[in-house]
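Per-entry structural report
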Amino acid sequence: MYYRIIILIYCLGISCKKTSQTQLNYTNGNAFGTTYSIQFIDTKKIDFSTSYDSLITVINNSMSTYQDDSDISIINKGNATITIDNHFKEVFEVSKKIYKKTDGVFDPTVGILVNAWDFGPEERSIRLDSSRVDSLLDIVGLDKVKLEKGKIIKQQPSIFLDFNALAKGYAVDVFADFLENKGVKNYLIEIGGEIRGKGSNLIKQKPWKIGVEDPNFDTSQSYSKVISLQDQALATSGSYRKFKLDEEGNRYAHIIDTKTGYPHKSNLLSVSVLAKTCIEADAYATAFMSMGLKKSEEFLKSYSGLKAYFIYEDNQQELKSIAINGFPE
């Protein structure tokens, strides 16, 4: 999601001890409005940067809402003639699945309300009246959108699709599939804080290590929790960077309640989710931020394959945390 998890890299470049059996290949750059880094172990130096760029371009052309000529932008303008590619199809179908499992809490059509509440970089104070919120809620709901014969059909042309809540996680999985198809067995991939790892760091003979960022409101970065990541994906969503304060000092998260159309007032600061795929970890981290702690705990009782770590404020505004379903302590 939006909040970074730092990768603790114990060796890079010339500082690593190299052998003919273990070579660390590392690439970083910009993608999807954020940064990415990919590292993998092989017996020789390999540069896949051109392939990475091609994958980024294809995904942007399919699902970037910041690109006017992307498929999703054209569909959002009301054009129902676009035949979507396999990337769009995969993200749409996963979104549908999680939308149903979370009873509509996770909803890629809620972006129009996020924009209306102006959770942008300037964070201006915005007040919407109830009639305006109600009118926008009429065009929110992934149940009003379907896939037929390769085309996206919307009940109303003004319904706005936005996959930002899971697109970076999906891109991580695409890169992982690319490396695995090349025979790579040990890698760590990160895009905008969403991460997937396989195998281990053979250079150091240790698991890949990941630091989970503390929720600091002063924009400083610290990492009091470090976990090993092996054959799993990790994503984090939080409210400590994007929020608004009302006249009473109540803090409202940038995540919108899909039932009411209003921003959340919540004591939940961040959620980190471990899952098999990064697209699922990314989506569920967003969903749990919207659900809140109690509902998320109840939900997770039925989904033991998802491991979650919550950081929240108690009634005395002290930071507390809870790990569920075996999230590493």
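See the structure above.
Residues numbered from 1 in each chain as written. Predicted model: local features only at pLDDT ≥ 70, side-chain atom pairs only at ≥ 80, totals over all residues. Heavy atoms only, no water.

1. Some thoughts on the nonpolar core
Among the nonpolar cores identified, the biggest contains 69 residues, and Tyr52, Phe88, Phe163, Leu179, Val273, Phe288 and Phe310 are the most heavily contacted of them. Counting residues per element, this core draws most heavily on helix α6 (residues 164-181), at eleven residues. In terms of nonpolar packing, the next biggest core, distinct from the first, is built from 15 residues, Ile41, Leu188, Ile203 and Phe327 among them. (Core = buried A, V, L, I, M, F, W, Y, C linked by side-chain atoms within 4.5 Å. Buried < 20%, exposed > 50% of the residue type's maximum accessible area, 1.4 Å probe, protein only. Helix = DSSP H or I, 4+ residues; strand = E, 2+ residues; numbered from the N terminus.)

2. As for unusual backbone geometry
If you check the backbone angles, phenylalanine 32 has positive phi at about 55° while not being a glycine. Taking relative accessible area as the criterion, phenylalanine 32 reaches 22% and is therefore assigned partly exposed. Even without being glycine, lysine 149 reaches a positive phi, approximately 50°. Tracing the backbone shows lysine 149 in the loop between β4 (145-148) and β5 (151-154). The exposed category is assigned to lysine 149, whose relative accessible area is 84%.

3. Some words on the pattern of salt bridges
According to the stated counting rule, one finds seven salt bridges in the structure shown. Among the ionic pairs, glutamate 180 bridges to arginine 196, the shortest N-O distance being 3.7 Å. With glutamate 180 in helix α6 and arginine 196 in strand β7 (residues 194-198), this pair connects stretches of sequence that are 16 residues apart. Overall, glutamate 180 belongs to the partly exposed group, its relative accessible area being 30%. Note on arginine 196: relative accessible area 12%, which makes it buried. (Salt bridge = Lys/Arg side-chain N within 4 Å of Asp/Glu carboxyl O.)

4. Here we look at helix α5 (residues 130-137)
The complete set of buried residues in α5 reads Val133, Leu136 and Leu137. In a view along the axis of α5, the buried residues occupy a sector of 105°, so they form one face of it. (Arc of directions from axis to C-beta.)

5. Some remarks on the sheet that holds strand β6 (residues 187-191)
Across a sheet, strands are paired by hydrogen bonds formed along the backbone, either parallel or antiparallel in direction. Spatially, the eight strands line up as an open sheet ordered β2-β3-β6-β7-β10-β14-β15-β16, and their pairing is antiparallel. The open sheet has two free edges, formed respectively by β2 (23-31) and β16 (319-324), since each of these has just one partner strand. Taking the axes of each pair of neighbouring strands and ignoring which way they run, one obtains an average angle of 10° across the sheet. This element, helix α1 (residues 49-63), spans β2 and β3 (34-42) of the sheet and lies at about 140° to β3. (Pairing = 2+ DSSP bridges. Axes fitted to C-alpha atoms, helices over the stretch in contact; angles between N-to-C directions. Contact = heavy atoms within 4.5 Å.)

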